[in-house]
Amino acid sequence: MLDLLIHNATLPDGRSNMSVAVQNGCITEVSAGLQAPAHEALDAQGQLLSPPFVDAHFHMDATLSYGLPRVNASGTLLEGIALWGELKPLLTHEALVARAMAYCDWAVAKGLLAIRTHVDVCDPRLLAVDALLEVKRRVAPYIDMQLVAFPQDGVLRGTTGPQEHMETLKRALDRGVDVVGGIPHFERTMADGALSVKLLCELAAARGLRVDMHCDESDDPLSRHVETLAFETQRLGLQGRVTGSHLTSMHSMDNYYVSKLIPLLAEAGLHVVSNPLINITLQGRHDSYPKRRGMTRVPELLAAGVNVAFGQDCAMDPWYSLGSGDMLEVAHMGLHVAQMTSQAAMRQCFDAVTVNPARVMGLQGYGLQPGCHADFVLLQASSQVEALRLRATRLRVYRRGQLLAQTPAATSTLFMPDRPDSTSWRQGGK
Ligand code: FE2
């Protein structure tokens, strides 16, 4: 007997009236109209069953700290970094863990079951690293979490000197941090930025780890560290294991240069993560009008065959006062800023918060095929596009076939003469 049988589901590829059979935490069969005895049966009523949302770019050590010790008055990336520097001496293990665990509750309720989070490794005590390693352990039954060793102050620029910074970063990796990070555009010079990319990629290659660098997160059209990142990826044979995050300078670069750059990224098998909510909020702050939006060139990268994901990046922290772990909100914003409004492009935006970030993280067993983990989200929508339009309610969230979270359908009761008694904002019906 099956553990769980979901029937009458619509799948992201558009197939409807599909059944998904679950046994021992795995999907055993996906077919139309399957009948089989099961301990639990669920009628999806034609709604969209999706693999869980994935966020390949987040900062969980800073999350839910908004207002501590003050708010970011200018709204810039650089004031955010300075503010984080003021907050760091005040952090405690317990508060870091409590805030991160609270965010993970939000994430699960939004069907977000895999998160790659950067963690600042400039503090020689590695306070945030130890806190997030504890969080990773505690949420492991329900969230796949990867940690990135992120030298927020610059691995070469930091105040304790490059040698000690690199040693601290290596100690973080020794303790179990999964991925090597970096921030080349924040190093003192362009040359130091390029050197940091080289050193950190060599470190990742030596340890067999993936790389995910904050890269060119500025409006400077001449910030070109992603070119170096692609070069080092190829030189060291790291294809498919390296991610360039943010890449906001690409918004401002010369078109001719980008026509050379994007094929280089594709050739190196580089993954790209764009963070629409944060990029358009932090960038362009020195502009009058027109104000640049700073989001990287998502449709052009996708057209070149580059794997692009959208990330949440921040939620209620020194850089961003909003956010709730809702990856449909993230994709909704990305869709608008990138003008990805065709039906096909909107489906690409849905992929950018599901299958694409799963590839960034190298998740195993992700998807709705037989043999995959029985991890999925039932949405109050009949298609990916409707899910994006409505930032649809996550009716049920499952992990390994077990129900993790449930939310009542969004419906408003109406009290108007000659009109229906309720609406759920669905086309052609309630
Ligand atoms: Fe970031």
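Residues numbered from 1 in each chain as written. Predicted model: local features only at pLDDT ≥ 70, side-chain atom pairs only at ≥ 80, totals over all residues.

1. Description of the overall build of the chain
Counting its regular elements, the chain contains 13 helices and 18 strands. By the compact-globule yardstick of 22 Å for 430 residues, the chain fits well, its C-alpha radius of gyration being 22 Å. In terms of overall dimensions, the chain has a C-alpha envelope of 65 × 45 × 45 Å along the principal axes. Here the chain, with 430 residues, has 53% of them falling under the buried criterion. Taking the intrachain contacts of the chain between residues at least 6 apart in sequence as the baseline, contacts between residues at least 24 apart amount to 73%. (Helix = DSSP H or I, 4+ residues; strand = E, 2+ residues; numbered from the N terminus. Rg over C-alpha atoms; globule rule 2.2 N^0.38 Å. Buried ≥ 20, exposed ≤ 12 C-beta atoms within 10 Å, placed from the backbone. Contact = placed C-beta atoms within 7 Å.)

2. A word on the domain arrangement of the chain
Domain annotation for the chain reports domain 1 (2–51 + 367–413) and domain 2 (53–361). Listed by partner, the interface residues are 17 residues for domain 1 and 20 residues for domain 2. Secondary structure elements with two or more residues in the side of domain 1 that touches domain 2: α13 (384–390), β15 (394–399) and β16 (402–406). Looking at the side of domain 1 that touches domain 2 element by element, the count peaks at 4 residues for α13. Considering only residue class, the side of domain 1 that touches domain 2 consists of 10 nonpolar, 3 polar and 4 charged. (Domains from an automatic or database assignment. Nonpolar A, V, L, I, M, F, W, Y, C, P; charged D, E, K, R; others polar.)

3. What about helix α4 (residues 162–175)?
Helix length check: α4 (14 residues) gives 20 Å between terminal C-alpha atoms against 20 Å at 1.5 Å per residue, within 8%. His165, Thr168, Leu169 and Ala172 are the residues of α4 that are buried. Summarising the axial view, the buried residues of α4 lie within an arc of 100°, below the 170-degree limit, and thus occupy one face. The exposed set on the far side of α4, more than 90 degrees from its buried face, consists of Gln163 and Asp174. In this structure, the buried residues of α4 make contact with α3 (127–139) and β8 (144–150). (Expected span 1.5 Å × (residues − 1). Arc of directions from axis to C-beta.)

4. Observations regarding helix α5 (residues 190–207)
Compared with the 26 Å implied by 1.5 Å per residue over 18 residues, the 26 Å span of α5 between its first and last C-alpha is a close match. Here α5 has its buried residues at Gly193, Ser196, Val197, Leu200, Cys201 and Ala204. One side of α5 holds all its buried residues, which, seen down the axis, span an arc of 120°. Seen from the buried face of α5, the exposed residues on the opposite side, beyond 90 degrees, are Ala191 and Ala206. The positive-phi residue at the C-terminal boundary of α5 is Gly208, with phi of around 70°.

5. Concerning the sheet that holds strand β14 (residues 376–379)
Judged by pairing direction, the sheet is antiparallel, and its 4 strands sit side by side in the order β5-β14-β15-β16 without closing on themselves. Unpaired on one side and paired on the other, β5 (48–50) and β16 mark the two borders of the sheet. Adjacent strand axes in the sheet meet at a mean angle of 20°, parallel and antiparallel pairs treated alike. Where β14 lies against β15, 4 bridges are found, and the strand directions are antiparallel. Bridge assignment links Phe376 to a residue of β15, and that residue is Tyr398. (Pairing = 2+ DSSP bridges. Axes fitted to C-alpha atoms, helices over the stretch in contact; angles between N-to-C directions.)

6. Brief notes about unusual backbone geometry
Omega for the bond connecting Leu68 with Pro69 falls within 30 degrees of zero, at -15°, which places this linkage in the cis form. Position of Pro69 relative to the elements: it lies in the loop between β6 (53–59) and α1 (77–87). The peptide bond linking Tyr289 to Pro290 adopts the cis configuration, its omega dihedral lying at -5°. Backbone geometry places Met316, a non-glycine residue, at a positive phi of 50°. Tracing the chain through its elements places Met316 in the loop between β13 (307–310) and α10 (327–337).

7. A word on the sheet that holds strand β3 (residues 26–32)
If you walk across this open sheet you meet the 4 strands as β3-β2-β1-β4, and the pairing is mixed. Looking at the sheet topology across the chains shown, the edges are occupied by β3 and β4 (38–43). Looking at each pair of strands side by side, their axes are set apart by 15° on average, direction ignored. Bridge analysis of strand β1 (residues 2–9) against β4 gives 5 bridges, and the strand direction is parallel.

8. Points about the packing of α5 against helix α6 (residues 225–235)
Where α5 contacts α6, the axes come no closer than 9 Å and their chain directions differ by 30°. Classified by the angle their axes make, α5 and α6 are roughly parallel. Relative to α6, α5 is oriented so that their crossing is right-handed. Along the contact surface, α5 presents Gly193, Ala194, Val197, Lys198 and Cys201, while α6 presents His225, Thr228, Leu229, Glu232 and Thr233. Broken down by class, the residue content of the contact of α5 with α6 amounts to 4 nonpolar, 4 polar and 2 charged. (Parallel < 35°, antiparallel > 145°, perpendicular 65-115°, else oblique. Left-handed = near helix turned anticlockwise from the far one by under 90°.)

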